[in-house]
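Residue-level structure breakdown
Below, each chain spelled out in residue letters.
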Amino acid sequence: MVMTKKVRFGPAGNPIDYKGKTPEVCDYLASEGLDAYEYQATYGVRISKKPAQELQENAKKNKVLISMHAPYYVNLSSSDSKVIDRSIQRLVQSAQVAEWMGAYRIVFHPGFYTKYTPEIALEKCKQSIAQILEQLNEKGIKNFIFSPETSGKKSQLGSLEEIINLCQTFENFQPTIDFAHLHARSGGSINSREDYQKIVDELDQELDINHLHCHFARIEFGSSGERKHHKLSQKEYGPPVKPLLQILMESGWSSTIICETPLIDRDALKLKNCFYEIVNI
Ligand SMILES: [Zn+2]
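Worth saying up front: this structure is predicted, and the values here are computed from it rather than measured. (Residues numbered from 1 in each chain as written. Predicted model: local features only at pLDDT ≥ 70, side-chain atom pairs only at ≥ 80, totals over all residues.)

The subject of this paragraph is the overall build of the protein chain. If you tally the helices and strands in the protein chain, you get 9 helices and 12 strands. Its C-alpha atoms give the protein chain a radius of gyration of 18 Å, within 12% of the compact-globule value 19 Å for 281 residues. Oriented by its inertia axes, the alpha-carbon framework of the protein chain measures out at about 50 × 45 × 30 Å. (Helix = DSSP H or I, 4+ residues; strand = E, 2+ residues; numbered from the N terminus. Rg over C-alpha atoms; globule rule 2.2 N^0.38 Å.)

Rendered as structure tokens:
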């Protein structure tokens, strides 16, 4: 894995104009000037061993860092044991595929509070994670880092504190910080450099981070949180871009920003260009 760059940029999923096969996508990304890629298994883990391994080779050749987004249909804190079992199965499967493709993070949304208090939901989630780790151990799958993501809806488990808590509890866990989601679930709390700094300071104090995995988009929200992702050019929606890039540049870590706007790779390039403008000042 090549991680020496200060900040890497890439799309969530295949680039908009890319018509080729996924195992060769990193040729295209590198030609665009991007160096990160989040493989989307959001609607199910469908890739088999050989193409996953080809993707890993293609990523290495192009010095692209791969992460993987696990299926959306995961609820590790469900009151329904069948839902929990299916969720566990999907994440075990994700870890297997992540190993094949050399994904440095397995991004996932931990679950929903449903009828539970946040404390009980978190506890249930931890019990499910313990089962995932047990199954992976039995299968001899060792090369994985799970990366629970801060969530955009208030009904979802995934506040910054909860994500930090999960990462403190389990080895092989590192956070995915989706700044748009944090902005949305808090009713628009990220507006300045200081607001970003608070998040970064908290992560610094609570966790041992070398490389931070991030998601970014412009986001529209309502009273229950996230509503819609918007393009980078739609500046009427937060959170702001420049102070984030500045904070990441000055932090003690390297990082990866996966762009989740509707213009995935094109906006990832815009973010990259903006970052290099700041660096050159
Ligand atoms: Zn995200």
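Okay, the nonpolar core next. Nonpolar side chains tend to gather and get buried jointly when the protein is soluble and globular. Counting 74 residues, the largest nonpolar core has Tyr 37, Ile 66, Met 68, Met 101, Ile 106 and Cys 259 as the members making the most contacts within it. Take this core: its biggest share by element is 7 residues, from helix 3 (residues 81–101). Leaving out residues up to four positions away in the same chain, Ile 66 has contacts with Tyr 37, Tyr 39, Leu 55, Ala 59, Met 101, Gly 102, Ala 103 and Tyr 104. (Core = buried A, V, L, I, M, F, W, Y, C linked by C-beta atoms within 7 Å. Buried ≥ 20, exposed ≤ 12 C-beta atoms within 10 Å, placed from the backbone. Contact = placed C-beta atoms within 7 Å.)

This next bit is on unusual backbone geometry. With omega at -10 degrees, the peptide bond leading from Gly 238 into Pro 239 counts as cis. Structurally, the position occupied by Pro 239 is in the loop between strand 11 (225–230) and helix 8 (242–250). One non-glycine residue, Thr 114, lies in the positive phi region at around 40 degrees. Considering the arrangement of structural elements, one finds Thr 114 in the loop between strand 5 (111–112) and helix 4 (118–139). Residue Thr 114 is classed as partly exposed on the basis of its 15 C-beta neighbours within 10 Å.

A word on the pairing of strand 12 (residues 254–259). Among the 6 residues in strand 12, 5 count as buried, and that is most of the element. Relative to strand 12, strand 1 (residues 7–11) is paired through 5 bridges, and the arrangement is parallel. Each bridged residue has a counterpart across the sheet, and for Pro 11 the counterpart in strand 12 is Cys 259. As paired elements, strand 9 (residues 211–216) and strand 12 share 6 bridges and run parallel to each other. From the neighbouring strand, His 215 faces strand 12, where its bridge partner is Ile 258. (Pairing = 2+ DSSP bridges.)

Moving on, we come to the packing of helix 2 (residues 49–61) against helix 3. For the pair helix 2 and helix 3, the least separation of the axes is 7 Å and the interaxial angle reads 45 degrees. Between helix 2 and helix 3, the crossing angle belongs to the class labelled oblique. Taken together, the residues of helix 3 that come into contact with helix 2 (itself represented by Lys 49, Ala 52, Gln 53, Leu 55 and Gln 56) are Val 97, Trp 100 and Met 101. Of the residues that constitute the contact of helix 2 with helix 3, the class distribution is 5 nonpolar, 2 polar and 1 charged. (Axes fitted to C-alpha atoms, helices over the stretch in contact; angles between N-to-C directions. Parallel < 35°, antiparallel > 145°, perpendicular 65-115°, else oblique. Nonpolar A, V, L, I, M, F, W, Y, C, P; charged D, E, K, R; others polar.)

As a further point, take the environment of Glu 226. Counting through the fold element by element, Glu 226 comes out in strand 11. Residue Glu 226 is classed as buried on the basis of its 21 C-beta neighbours within 10 Å. Excluding residues within four positions of it along the chain, Glu 226 makes contact with Gly 152, Lys 153, His 181, Ala 184, Ile 219 and Phe 221.

Strand pairs in the sheet, formed through backbone hydrogen bonds, run parallel or antiparallel to each other. Strand order in the open sheet formed by 4 strands is 2-3-4-6, and the pairing between neighbours is parallel. Across the chains shown, the open sheet's two edge strands, defined by having one partner strand only, are strand 2 (36–40) and strand 6 (146–148). Put simply, the sheet's adjacent strands are angled 30 degrees from each other on average, direction ignored. Relative to strand 3 (residues 65–69), strand 2 runs parallel, the two being bridged by 5 bridges. Opposite Tyr 37, over in strand 3, you have Ile 66 as the bridge partner.

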